[in-house]
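Chains, contacts and geometry: an overview
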Amino acid sequence: MAAPEQDTGFGTGTSGVSRIRGTAFEAVCLAATSFALVTVLVLLLFVAADAFRPLSADPGWHLVYFLTLVVPVLGLAVYYYRLDAPAGEVAYSTTGIPVVGLLVAGGMLVVIVELISVIELFALTLATAVSAGVIVAHGRVRPQAALERLGVIVLAPTVAVFGLPPAEFNTVFNWLTTQLGLGPVLQTRITSLRELVMMVPVLPADWLLLLITLTVPVAGLFGLFMGRRRDSRRDGLALLGGTVVLAAAGFVLGPLVGIGAEAWILATSFTVPPLAFYVEGVVRREEGTAGLVFPVVAVVGVLLGAVLVRQLGFAAPDPWLDVGFLLSPTSRTPADAGIYPALVGSVMMMVVIIVATFPVGVGAAIYLEEYAPSTGLVGKFVTLIEINIGNLAGVPSVVYGLLALALFIRFINMPTGSVIVGALAVGLLILPIVIISAQEAIRAVPDSHRQASYGMGATKWQTTRNVVLPQAMPGILTGTILALGRAIGETAPLLMVGLAASVRLAPNGFFDLGAAMPRQIFSWSTELEPAFRHGVLAAGVVTLLAVLLLMNGTAIVIRNKYQRDS
Amino acid sequence: MSTENNEDITSRPAGRAARERIYRYVLFLCASLSIFVTVSIVVILARDAVDFFGIVSPVEFFTGTDFLLSRGLYGVLPLVSGTILVTIIAAFIALPVGVAAAVYLSEYASERARSILKPALEVLAGIPTVVYGIFALVYVTPFLQALGLPLNTFNTLSASIMVGIMIIPMVSSLSEDAMSAVPDSLRQAAYGMGATKYEVSTGVVIPAAVSGIFSSFILALSRAIGETMIVVVAMGSRSRLIDFADPLSNLWQGNQPMTAAMVRINGADVVSEAGFKSMFAIGLTLFVITFLMNLASNRIAARYREEYE
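Residues numbered from 1 in each chain as written. Chains lettered and ligands numbered in written order. Predicted model: local features only at pLDDT ≥ 70, side-chain atom pairs only at ≥ 80, totals over all residues. Heavy atoms only, no water.

Some details on the overall build of chain A
Of the regular secondary structure elements, chain A holds 22 helices and 0 strands. For chain A, the residues scored as buried account for 44% of the 566 residues in total. Long-range pairs, those at least 24 residues apart, make up 73% of the contacts in chain A between residues at least 6 apart in sequence. In chain A, the 31 positive side-chain charges and the 32 negative ones have mean positions that sit 6 Å from each other. (Helix = DSSP H or I, 4+ residues; strand = E, 2+ residues; numbered from the N terminus. Buried < 20%, exposed > 50% of the residue type's maximum accessible area, 1.4 Å probe, protein only. Contact = heavy atoms within 4.5 Å. Lys, Arg positive; Asp, Glu negative; His and termini not counted. Charge placed at Lys NZ, Arg CZ, Asp CG, Glu CD.)

Okay, structure coming up:
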């Protein structure tokens, strides 16, 4: 026991001095916390100003929109924040859902225009649906035959989508046998359902096919979900029917508005069902209904502003980042330069990255959390894997690029700079991040739930699939989306695998020479012309950051919802 | 989804055990893929690096003071010195700022301030590095030039500043975790002896969390060493050794760290066999350095976790 009068080293100064010192220290720490935030915020403002050039507009233009849009929107926001928090959330969601829906629709439109025709999409969807039907039917007819079902799960989609053996396999195999002097050996194969559909000579018009392939399944899924949630089949059917009618109206209305029937159908398919479902829920719960005003006010504000500006003759700003920038390829003249091929390339890369990393990453996380033994030789190996994953997350991205260059391009001869090589390079990079975040999500599922499942005689896989995964899924999705956000901005691996600096045409297939947003931005950064540096480059950066913000926003919404529910 | 409801889970039909085993193997393969990735990185880098050392002797590589592809000079020292320069300047910014931010978040910030500042700092870590590079080139460099610093268009200072800002969230987040893990009883004991909040923060919390803070330093520096796009965009492509006679001139001029050199070699139109392979030798050097640093950081972090749990 220290004697009370012994000098402890604490509080020996006069209280005045130590208070000043404490306050100063706190202020320094606060300044440090804000330093990076403020710096980056200021830089972002500069970039945004370069991209949008707000000063190029008439002051009257700003005034009009300030009055019609900013004031009402801000007023509502303050009202929600102060007095009606649930309404604020409703406002946020009812505005966000159509925006996300429209973006998904835009993505689909790009896919249809650039990648696969509507007929191919139709054939693919039909084949997938039929194989899913076969699997479900098998489960009904022979519920006990577990191993057999595994075979069906593998075979049915293969036959329906690829044929048996897949055409590509035949080509490669026959090439090999011809090389060996045997001649083409595989002559016959079962033609896939997908190919059969493609051969049908008479098919309905594109917009009708699109209605069947996209609108009906999407609206059907939401209808099914709604029917279950509300316990009323009628509501679900009404949702399905309403959406289909509204989408079909696009045949007439689309061209009238000037966006084409396909674009109209896509837009309605992805915005109407979720929005109707959400709004119906809000009205039914009678909580935060005031928030429904918000999107109406915003839309009316924009329209009113547009009319007024035209009537009064105020000049709008002339931003670098406009529709033309988003929809045209890059160019030597700054005014014509756009980001479209790179945007398409990035979206295609995201598709490959999701397909390549999500199953493997989640599978690895399931093994490490649910299956891995902690003792014995395998246990040692598992510890090694865990340490290794942690370290891989810290390996510089440029090294992954080097790996992809050597492994995919030089070793297995994939085309240099193709979309798939770029995507695989970045996929390898984010794999450890996906695994680690999925592990955390799985670890958060309480053990008691697993024990309850085992207690009812479920096997390990049944427990994992029916108990652990559904609960961990929001967390896994959040982590994956954040990792994809990292992936979309990665540049160094793309440089290493030789992705094209500038592509005039968007890539048509995954083995085509690809472009990507960060790669395009980097090549603009090497231009010396000020119009590129402070114009096109800024517009590209803002586009990239906007996509990123959207992805992270989605992840945060999922996380918040999940945290509140649990 | 509806099929599960009619599944009779009390009986174990034939084949279920086999199916369980198949799932286990498939999942195990997924997990082992990470080992495969590491092994293939090492093998691939090492194979080409060995080829390279067959053409250029290791002595020349590790002691040469010039890196010029056009003249067949492959000394790695200027590249290493460029990397060290960037890392040191970034550390000067990120380490003190990061730790101070961690102290604020862990000891001073109200629950509300914390819930805003912490995610905001995480957002910074999510900004693509090419964007930081453009910030450095297009906005920071002209700003610093306007302040009167004799900077070249491509220079070390603004790139290093952006690298430093980029790694601040890493230092602050990991250090804050370590500080939050310090048991409250230690703080209470200090308060009980009449310590002020300042004294508790600097005299108790920071020393108790020092291993965690240290591990965050190593991890952040390893990130700075491996950072590619900022230095490629904003630092130019001339490699040079650190000039000790005129230390400040190092900041004003451009430089070429190891990562940037790899990108340049790969992007070069014509490159000799040795030049191409040198990329792998540099990559291997980089991989080994960062891998060891990460390993060390994890070791140190694991130790502090053991102490308090």
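That was the structure; now back to the text.
Considerations on the packing of helix α16 (residues 397–411) of chain A against helix α12 (residues 258–267) of chain B
Between two packed helices, what matters for the description is the angle formed by their axes and the separation of those axes. Here α16 of chain A crosses α12 of chain B at 30°, and the two axes come no closer than 10 Å. The interaxial crossing formed by α16 of chain A with α12 of chain B has left-handed handedness. Note on element contacts: α12 of chain B touches α16 of chain A through Thr 259, Met 262, Val 263 and Asn 266 of chain B, opposite Val 398, Leu 402 and Leu 405 of chain A. Residues that form the contact of α16 of chain A with α12 of chain B fall into these classes: 5 nonpolar, 2 polar and no charged. (Axes fitted to C-alpha atoms, helices over the stretch in contact; angles between N-to-C directions. Left-handed = near helix turned anticlockwise from the far one by under 90°. Nonpolar A, V, L, I, M, F, W, Y, C, P; charged D, E, K, R; others polar.)

Brief notes about the interface of chain B and chain A
Taken together, the 95 residues of chain B in the interface contact 91 residues of chain A. Buried area between chain B and chain A, both sides added, is near 8,300 Å², and the carbon and sulfur share of it is 73%. The largest per-residue losses of area from chain B upon contact with chain A belong to Leu 27, Tyr 139 and Tyr 198 of chain B, which jointly make up 8% of the total buried on that side. Here Arg 21 of chain A and Glu 199 of chain B are joined by a salt bridge, their closest N and O atoms 3.6 Å apart. Joining chain B to chain A, the criterion identifies 12 residue pairs in polar contact (both at pLDDT 80 or more). For the side of chain B that touches chain A, the element with the most residues is helix α1 (residues 16–55) of chain B, which contributes 22 residues. (Buried area = accessible area lost by both parts, 1.4 Å probe. Salt bridge = Lys/Arg side-chain N within 4 Å of Asp/Glu carboxyl O. Polar contact = N/O pair within 3.5 Å; in protein donor to acceptor, adjacent residues only side chain to side chain.)

Focus: the domain arrangement of chain A
Taken domain by domain, chain A consists of domain 1 (20–57), domain 2 (117–203) and domain 3 (326–565). Each of domain 1 of chain A and domain 2 of chain A has a C-alpha centre, and the two are 57 Å apart. (Domains from an automatic or database assignment.)

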